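Commentary on secondary and tertiary structure
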Amino acid sequence: MNVEALAILGERRRIGVLFRYELAADTVVTRFVADEAFVQSMPQPTVSAAWLAESPLQQQALWRDVRSVAFNGRHSARNGWLLPAFFQNLLPEGVFRDRVAELRGCDPRDHFEMLAACGRDLPGNLYALPVALSRDELARYVTQHQDALEMSVTAEPLEDGVSLSGVQPKVGAIRDGERYVARTRDHDTHIIAKLPVVAQPRLPEVEDLSLRLAAAAGVEVCEAWLEPLAKLSILHGYDLGDSDAQTRFLAVRRFDRSPAGRIHNEDFAQVLGVMPEDKYGGVAGDAARSYVDVAAVLMGFDSLGEAAVHELLRRLVVNEMLGNPDMHLKNMGLVYPGGVAPRFAPAYDVVAYAAYSRHQGHALALLPAALAPPGGRLRQQQLSPAVVRAFCAALRIPEKPAAAAIREAVRAAVGQWRGLIEASALTTLQKSRLLAHFDAHPMVQSIARRVANRP
Ligand SMILES: Nc1ncnc2c1ncn2[C@@H]1O[C@H](COP(=O)(O)OP(=O)(O)OP(=O)(O)O)[C@@H](O)[C@H]1O
Ligand SMILES: [Mg+2]
């Protein structure tokens, strides 16, 4: 039996080992086991909010529970044998995944190999590097058929292997003066270059505008700006249609990279232990994840709390006004600036899809099925007063300040969005579609009416 292993490292220390072996032709074990030295160390950096216990003793027990769902992969009818959710969520998705698989010469569904390929440039402050386990370690990690174990060698990470999730064409880049270049052995990428997409004209311009609109409504957004493709010196292999040197891409500054080093982060699929394929909350019904689950996590940390829930609500109403039905679990995250306490990551991947076509509703339901007011499909519900009331009640937070945060965001949008949209680089049709969508939002209408009726 062949065993493959990757050492999982934080900034300067080993956290544990992720290993994989085939128990039988149809049973693959992929498991994370924390190192005893790490388990017994104090204080510990936060690896995932999903892996936190109440007390130091319970924390040790949690790490040692190697058979828990959190530390084991599982089979998916759609995507084969998956890594444990935390690690599966570190992998590239969509066309970016195919690109990395091509460079690595592996099957894009070989998730372990994909993680190994990108092991030096993963999201957050983590590394996954090949490691050879001794006989003793093998025997400790793998309990079945101990006598027939063989260590198989996993190749070193690709020099320019960068992992970013998301389905749109993108490359990791380093800004080098006026140019954007690929990762090198010694330099991390600190920019995400989001490329133009043939089927969605001016997508970088639409996303750039969307982030500025969100900021104008009071949302904390990541830093992003437009650049001409002429400045992008990276071979990427994507079909960019009939773009030319002046066609623009969106440069996004990564909040998990800084001149001083990496900053740990994770997305809400990791936080909630959900596989990427369930990033839209999973199968509809009682078990489906909703934004209340996200808010409940925020309420669990002193460093987040009610203020972070208000920020979530601001993002939700902004999404409604933009026609952005895509704030799924991987489009929200936590970032750990000091390595331990989380902050709500700035908003990213905010896109006004209303500029293309009609959009209503959210990526996840606002409320769990049991709490939602009757009528209509769950993901189509908007932040009506009844929904906000139920949302706050579910979290046991006061409704008034939450409703005020939403109202303030809408008020700011009513004051500033029209001018920003009209001055943007969108086509005339895109502007008019977006404005029509914005003007039709019930809260925008009610605030605009009040402004108009002022003496
Ligand atoms: N500013 C940022 N700093 C750090 N990481 C980021 C930032 N923006 C995005 N990311 C990470 O990169 C991933 C991909 O980015 P993004 O969501 O913008 O791409 P996408 O392809 O449009 O995604 P989707 O599939 O949701 O449409 C995100 O899921 C997130 O993990
Ligand atoms: Mg995304």
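As a starting point, this report considers the structure included with it.

1. Notes on the nonpolar core
By size, the foremost hydrophobic cluster in this structure holds 79 residues, and its most contacted members are Phe268, Tyr291, Leu312, Met332, Phe391 and Trp417. Among the elements that take part in this core, helix H10 (residues 305–322) stands out by supplying nine residues, more than any other. Not counting residues within four places of it along the chain, the set of residues in contact with Met332 comprises Asp267, Phe268, Tyr291, Val294, Leu312, Met327, Phe344, Tyr348 and Leu364. Counting residues in hydrophobic clusters, the runner-up holds 30 residues, among them Ala34, Phe38, Val39 and Leu83.

2. Let's talk about the pattern of salt bridges
Inspection of the entire model under this criterion finds 30 salt bridges. Put simply, Arg314 and Glu311 hold a salt bridge, and the shortest N to O gap is 3.0 Å. Taken together, the residues Arg314 and Glu311, both in helix H10 and three residues apart, mark about one turn of the helix. Here Glu311 falls in the buried class, since its relative accessible area comes to 7%.

3. Focus on the packing of helix H11 (residues 385–395) against helix H12 (residues 399–422)
Any two packed helices are characterised by how steeply their axes cross, that is the angle between the axes, and by the distance between the axes. As a packed pair, H11 and H12 sit with axes 9 Å apart at the nearest point and diverge in direction by 130 degrees. Comparing the axis directions of H11 and H12 gives the class oblique. Judged by the twist between their axes, the crossing of H11 over H12 is right-handed. For the pair H11 and H12, contact is made by Pro385, Val388, Arg389 and Cys392 and by Glu399, Ala402, Ala403 and Ile406, respectively. Partitioning the contact of H11 with H12 into residue classes produces six nonpolar, no polar and two charged.

4. Thoughts on the sheet that holds strand E10 (residues 191–194)
Backbone-to-backbone hydrogen bonds pair the strands of a sheet. The strands run either parallel or antiparallel. On the basis of which strands lie adjacent, the open sheet formed by six strands has the order E11-E13-E10-E8-E9-E12 and mixed pairing. The open sheet has two edge strands with one neighbour each: strand E11 (224–228) and strand E12 (232–233). Its contacts with the sheet place helix H7 (residues 203–216) against E10, E11 and strand E13 (248–253), and it is angled at close to 40 degrees to E13.

5. A word on unusual backbone geometry
Backbone torsion omega between Met42 and Pro43 reads -10 degrees, so that peptide bond is classified as cis. In this fold, Pro43 is placed in the loop between helix H1 (36–39) and helix H2 (56–64). Residue Arg202 is not a glycine yet carries a positive backbone phi of 60 degrees. Given a relative accessible area of 41%, Arg202 falls into the partly exposed group.

6. Quick word on the side chain of Glu205
Looking at the element boundaries, Glu205 is found in helix H7. Given the relative accessible area of 11%, Glu205 is considered buried.

7. Points about the coordination of the magnesium ion (ligand 2)
Coordination of the magnesium ion (ligand 2) by the protein involves Asn331 (OD1) and Asp349 (OD), with metal-donor separations of 2.1 Å. On the criterion of sequence distance, the pair formed by Asn331 in the loop between H10 and strand E17 (333–336) and Asp349 in the loop between strand E18 (343–344) and H11 is long-range, its members being 18 residues apart. Each member of the pair, Asn331 together with Asp349, is buried.

8. Digging into the environment of Ala128
Inspection of the secondary structure puts Ala128 in strand E6 (residues 127–130). Residues Ala128 and Ala7, 121 residues apart in the sequence, show an inter-C-alpha distance of 5.5 Å. Setting aside residues no more than four positions away along its own chain, Ala128 makes contact with Leu6, Ala7, Ile8, Leu115, Ala116, Gly119, Leu122 and Pro157.

What counts and what doesn't
- Residues numbered from 1 in each chain as written.
- Chains lettered and ligands numbered in written order.
- Predicted model: local features only at pLDDT ≥ 70, side-chain atom pairs only at ≥ 80, totals over all residues.
- Heavy atoms only, no water.
- Core = buried A, V, L, I, M, F, W, Y, C linked by side-chain atoms within 4.5 Å.
- Buried < 20%, exposed > 50% of the residue type's maximum accessible area, 1.4 Å probe, protein only.
- Helix = DSSP H or I, 4+ residues; strand = E, 2+ residues; numbered from the N terminus.
- Contact = heavy atoms within 4.5 Å.
- Salt bridge = Lys/Arg side-chain N within 4 Å of Asp/Glu carboxyl O.
- Axes fitted to C-alpha atoms, helices over the stretch in contact; angles between N-to-C directions.
- Parallel < 35°, antiparallel > 145°, perpendicular 65-115°, else oblique.
- Left-handed = near helix turned anticlockwise from the far one by under 90°.
- Nonpolar A, V, L, I, M, F, W, Y, C, P; charged D, E, K, R; others polar.
- Pairing = 2+ DSSP bridges.
- Donors = N, O, S within 2.8 Å, 3.2 Å for Na, K, Ca; no water.

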